[in-house]
Amino acid sequence: MEYTRLGETGLEVSRLALGCLNFGSGQPWMMNDREASVELARSALDAGVNFLDTANAYSRGESESIVGEAIEGYDREELVLATKVYFDMGDGPNKGGLSRKHVFDQIRGSLDRLGTGYVDLYQIHRWDEHTPVEETLSALDALVEEGLVRYVGASTMAGWQFSKALHVADVENYERFVCMQPEYNLVDRHEEANLLPICADQGVGVVPWSPLAGGFLAGKYERGEAIPEGTRAADDEYTERRFTDENWRVLDVVRELAAEKDATPAQVSLAWLLHKDVVDAPIVGPRREDHLADNLGALDVSLTDDEMARLEEPIFPQWPVEGKD
């Protein structure tokens, strides 16, 4: 396993993070098997993955509980446990968002489910337009002071929102976000015109989610053919919306390079991310042992500058112009 520093911190994380969204139930594309989820997480840990990313909202805490069981017996000081807060954890008032109350309430629940006294990385899952960012940052800062959280991070927001949060943290001397979780992969490159330049300028670590675009970049779908049952796109419109002519052209190049390198499409797609200077650790979400082994194999795939350019050529990332297709 290879390791790197998260952003400009001293925290060492594996080059691939284990995403734990699939460790739960309620959707056909999830593992829906607690014992198998625990075993898969332990396989990743045994392979040297030390960075596990979950969230309180993943199956309403079930994912955190599975992660807590999986890490039993492992050296806690070597592990980097990351979870998130924002989405509703029940019906009624104060069950979601980033108010001081909700943040304080949810960290306790996450710690209980994870079976640990602290989390290494506590991330806001989304921007909360109803709560002043000063309130949220103050709450996160207090959790760090209390020793319940080591670092704070963020995920998925507009560039101006992230810039505002970093500025407020600097002005008020609050804990600063050390990393960002953006959606980033070969067919979803919009963050190259939004968050990634900010992260590069501010020394913020980048841990991309959906690095395989819901399995699209793993080559599990074919043009014009029925979507296989049990795959993400079979029950998720967001993944199916990636089936565009432009994206199929990207996948064509991915498959060509994979054949040339005796690699898999997933490995080439992950290797592209791993070769990006701004990226620290893509978050992979395997559901089977062979998926995990395939993902880990990406660490051995080398890409030249020309090959990187080939992969990027079909898409020019830019913000859509209002009124135009």
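Structure's up top.
Procedures and definitions
- Residues numbered from 1 in each chain as written.
- Predicted model: local features only at pLDDT ≥ 70, side-chain atom pairs only at ≥ 80, totals over all residues.
- Heavy atoms only, no water.
- Buried < 20%, exposed > 50% of the residue type's maximum accessible area, 1.4 Å probe, protein only.
- Helix = DSSP H or I, 4+ residues; strand = E, 2+ residues; numbered from the N terminus.
- Pairing = 2+ DSSP bridges.
- Right-handed = clockwise from strand over helix to strand, strands pointing away.
- Contact = heavy atoms within 4.5 Å.
- Axes fitted to C-alpha atoms, helices over the stretch in contact; angles between N-to-C directions.
- Phe/Tyr/Trp six-rings, centres within 6.5 Å; stacked < 30°, edge-to-face > 60°.
- Parallel < 35°, antiparallel > 145°, perpendicular 65-115°, else oblique.
- Nonpolar A, V, L, I, M, F, W, Y, C, P; charged D, E, K, R; others polar.

## Description of the pairing of strand β7 (residues 149–155)
Along any regular strand the residues' side chains alternate between the sheet's two faces. Among the 7 residues in β7, 5 count as buried, and that is most of the element. Bridge count between strand β6 (residues 119–124) and β7: 5 bridges; the pairing is parallel. Residue Q123 lies in a different strand from β7, and its bridge partner there is G153. Handedness of the β6-helix α4 (residues 133–146)-β7 crossover: right-handed. Alignment of β7 against strand β8 (residues 177–181), held across 4 bridges, turns out to be parallel. Looking at β8, one finds that S155 is bridged to Q181. Chirality of the crossover, the property in question, places the unit of β7, helix α5 (residues 159–172) and β8 among those that are right-handed.

## Quick look at the sheet that holds strand β5 (residues 80–85)
One open sheet holds the 8 strands; their spatial order is β9-β8-β7-β6-β5-β4-β3-β10, and the pairing between them is parallel. Of all strands in the sheet, those bounded by a partner on one side alone are β9 (205–206) and β10 (283–284). As judged from the 3 bridges shared by strand β4 (residues 51–53) and β5, these two strands associate in the parallel manner. Looking at the pairing, F51 lines up with V80 of β5. Lying over the sheet, helix α3 (residues 100–114) contacts β5, β6 and β7, oriented at roughly 140 degrees with respect to β6.

## Looking at the packing of aromatic side chains
Tallied over the entire structure, the rule returns 8 aromatic pairs. A centroid spacing of 5.1 Å and a plane angle of 50 degrees characterise the contact between Y221 and F243, whose relative ring orientation is tilted. Taken together, the residues span a long stretch of sequence, with Y221 in the loop between β9 and α7 (232–235) and F243 in the loop between α8 (237–240) and α9 (245–260) at a distance of 22 residues. Overall, Y221 belongs to the buried group, its relative accessible area being 1%. Here F243 falls in the partly exposed class, since its relative accessible area comes to 25%. Ring centres 5.5 Å apart and planes at 50 degrees place the aromatic pair F243 and W248 in the tilted group. Under the relative-accessibility criterion, W248 is labelled buried at 6%.

## Overview of the pairing of β8
With 5 of 5 residues buried, β8 is to be regarded as a mostly interior element. Pairing between β8 and β9: 2 bridges, direction parallel. Counterpart to M180 in the pairing with β9 is V206. In this view, the connection linking β8 to its parallel neighbour β9 by way of helix α6 (residues 195–202) has right-handed handedness.

## Topic: the packing of helix α2 (residues 62–70) against α3
Closest axis-to-axis distance for the α2/α3 pair is 7 Å, and the angle between their directions is 40 degrees. Classified by the interaxial angle, the pair formed by α2 and α3 is oblique. Residues E64, S65, V67 and G68 of α2 form the contact with α3, whose own contacting residues are S110, R113 and L114. Its residues placed into classes, the contact of α2 with α3 shows 2 nonpolar, 3 polar and 2 charged.

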